[in-house]
Amino acid sequence: ARFDAQMRVALRPARELREVISAVVTGLRTSGGFSCMAISSADIEKNKGRVFARAARILPNGLQTLLASEVAQTAEARKLMRRHFSAPLFLADLIPPATRVLFEDCEGRITLAFEVLDTHVCAAAQSFVGNLHTPFSQSVCYERERLIGEVKGSSNSSYP
């Protein structure tokens, strides 16, 4: 338990990132809530659109659905997402313009801060599906455990 507590402190995002995480999550929650799905490029390569169809059957109907992880930047994944979900979301489209500099380098490539944002926003979703063989989905689940702990009163952190 002690190691886990130290690990969570070490993984806590910087204040600037926590503010963006909070703004994005609050915006999504006030607009009716959201689900999140994480699909790896290997999932798409192996399963094509079937992985999106399966996720659409698992996740609650009527909620906006955020596509997380590196594939959300690809045209193919966005096309498949739009085919299978009525209200698809992509994190890159939700970042407040004034904070984009935190998440992109000077050539427009995403930075590690984008993945931190992706992980924490996804963890705050009402429902999450992902491939637990990927580090990204494991990180989301680890962060969801922290959020559940806060609801139960076992943590004193206040970010979403």
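Residues numbered from 1 in each chain as written. Predicted model: local features only at pLDDT ≥ 70, side-chain atom pairs only at ≥ 80, totals over all residues. Heavy atoms only, no water.

Caption draft 1: Layout of the environment of Thr30. Looking at the element boundaries, Thr30 is found in helix H2 (residues 15–30). By relative accessible area, which is 66% here, Thr30 ends up exposed. Spatially, the C-alpha atoms of Thr30 and Ala1 are 34 Å apart, while their sequence positions differ by 29 residues. (Helix = DSSP H or I, 4+ residues; strand = E, 2+ residues; numbered from the N terminus. Buried < 20%, exposed > 50% of the residue type's maximum accessible area, 1.4 Å probe, protein only.)

Caption draft 2: View of helix H4 (residues 50–58). Every buried residue of H4 is accounted for by Val51, Phe52, Ala55 and Ala56. Relative to the axis of H4, the buried residues are bounded by an arc of 140° and lie together on one face. Facing away from the buried surface of H4 by more than 90 degrees, the exposed residues are Arg50, Arg54, Arg57 and Ile58. Buried residues belonging to H4 abut strand S1 (34–38), helix H3 (41–47), strand S2 (64–68), helix H5 (75–84) and strand S4 (127–130). (Arc of directions from axis to C-beta. Contact = heavy atoms within 4.5 Å.)

Caption draft 3: Representation of the packing of aromatic side chains in the model. All chains considered together, the criterion is met by 0 aromatic pairs. Over the ring of Phe90 we find Arg78; its NZ or CZ atom is 4.1 Å from the centre of that ring. (Phe/Tyr/Trp six-rings, centres within 6.5 Å; stacked < 30°, edge-to-face > 60°. Lys NZ or Arg CZ within 6 Å of the ring centre and 35° of its normal.)

Caption draft 4: Spotlight on the state of the cysteines. As enumerated under the stated definition, the model contains 1 disulfide in all. Bridging Cys36 to Cys122, the disulfide has an S-S length of 1.7 Å. Since a negative S-S torsion denotes a left-handed disulfide, the Cys36-Cys122 link at about -90° is left-handed. Here Cys122 lies in helix H7 (residues 112–123) and Cys36 lies in strand S1, a separation of 86 residues in the sequence. As far as burial versus exposure is concerned, Cys36 and Cys122 are alike and both buried. Looking at the unpaired Cys141, the closest cysteine sulfur is the one in Cys122, lying at 9.1 Å. (Disulfide = S-S within 2.5 Å.)

Caption draft 5: Structural view of the pairing of S2. Of all 5 residues making up S2, 5 are buried, and the element is well covered by its neighbours. Here S1 pairs with S2 via 5 bridges, running parallel. Bridge assignment links Ala38 to a residue of S2, and that residue is Ala68. Of the pairings in the sheet, the one linking S2 to strand S3 (residues 88–90) comprises 3 bridges and is parallel in character. Looking across to S3, one finds that Thr65 is bridged to Pro88. Following the backbone out of S2, through H5 and into the adjacent parallel S3, one traces a crossover that is right-handed. (Pairing = 2+ DSSP bridges. Right-handed = clockwise from strand over helix to strand, strands pointing away.)

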